[in-house]
Amino acid sequence: MPERPDLEYVVPILRGELVRCVLGAPRVRKPVVLRAMAGELTGEVRSVERRGHTVVFGLGTMEMIVSPMLAGRFQLVPVGTKDSADLALAWPLTPRSGDQPRELRYRDDVQMGKVYLTKPGVLPPGLPTVGVDVLSLAFTVPVLAAVCKSRREQVKIVLMDKSALDAMGNAYADEVLWHAGIHPKIPASKLTAEQVRALHGAIVEVLTHARDEIARRAPPLDEKLRDFLHVRGREGPCDRCGTGLRTLGVRGHDAYYCPKCQSEGGKVGIVDWNRLPGSIK
Ligand SMILES: [Zn+2]
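Definitions and cut-offs
- Residues numbered from 1 in each chain as written.
- Predicted model: local features only at pLDDT ≥ 70, side-chain atom pairs only at ≥ 80, totals over all residues.
- Core = buried A, V, L, I, M, F, W, Y, C linked by C-beta atoms within 7 Å.
- Buried ≥ 20, exposed ≤ 12 C-beta atoms within 10 Å, placed from the backbone.
- Domains from an automatic or database assignment.
- Contact = placed C-beta atoms within 7 Å.
- Helix = DSSP H or I, 4+ residues; strand = E, 2+ residues; numbered from the N terminus.
- Nonpolar A, V, L, I, M, F, W, Y, C, P; charged D, E, K, R; others polar.

Quick word on the nonpolar core
Next, step 1: One finds L159 and V176 to be the most contacted residues of the largest nonpolar core, which totals 69 residues.
Next, step 2: Summarising the domain contributions, this core has at least three residues from each of domain 1 (4-118) and domain 2 (132-279).
Next, step 3: Apart from residues no more than four positions distant in its own chain, L159 is found in contact with L165, A167, M168, A173 and V176.

Here it is in structure tokens:
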């Protein structure tokens, strides 16, 4: 999915390009993404903000919320550009003076994303409230410790819970856990104080680095830049210790990890997941 670092790059660009433009009625290619009448998704763009893992377009008295989920992406193209096979919606833009006529496109090749229209302050059903901003001063070690203490789920699941932490999805959760040297299946409530400190440091470091790296390399709007990640999608040896990376399932999500750097064995007391043959795909 587009994760926080991706959206932190995309949203300021959309804001700069779209504020004061008027979205016309969209062409609909994949109606399954719609959670509103297409004809109502129009109006002058007053603001564009990231809210958790969604992009919120302020349209006067209403807000259009796009939740890109697994594969949604935006594109700004000249009018007349050939439609891609994954095109879901395309809004004609009434340009500001001097701008070329363009379209805002929302593409989604798995059609899991959703587009809502709602009043400001009203959360559409199915969208979580947004948890603590992990790149703000409010995100301290005690705050993370309190979140972990209250949760019995595996730590990877807690990291991906947007209602707890305004932070990350699957790919960055793997990266953070690798940096912190924590196995993805350890229950969050069983983490030691030392592990919580390591986790806090890794969250801040990994997300800050990703944000800065994507900004520095400035990819096209619809490209997801991930080649700097150490574990996600990789089969090769661990960059830290040389051991072969592995995958396993964590509550319906796949997780990439290093069995050596992230082996917690007896340290947290309950189960050495690496010794359970059924736990490794
Ligand atoms: Zn390793």
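A closer look at the domain arrangement of the chain
Next, step 1: What the domain assignment lists for the chain is domain 1 (4-118) and domain 2 (132-279).
Next, step 2: Taking only C-alpha atoms, the centre of domain 1 and the centre of domain 2 are 30 Å apart.
Next, step 3: Taken together, the contact pairs 14 residues of domain 1 with 13 residues of domain 2.
Next, step 4: When residues of the side of domain 1 that touches domain 2 are traced back to their parent elements, those giving at least two are α1 (4-18) and β8 (73-78).
Next, step 5: Sorting elements by how many residues they give to the side of domain 1 that touches domain 2 places α1 first, with 7 residues.
Next, step 6: Of the residues belonging to the side of domain 1 that touches domain 2, the class tally is 6 nonpolar, 3 polar and 5 charged.

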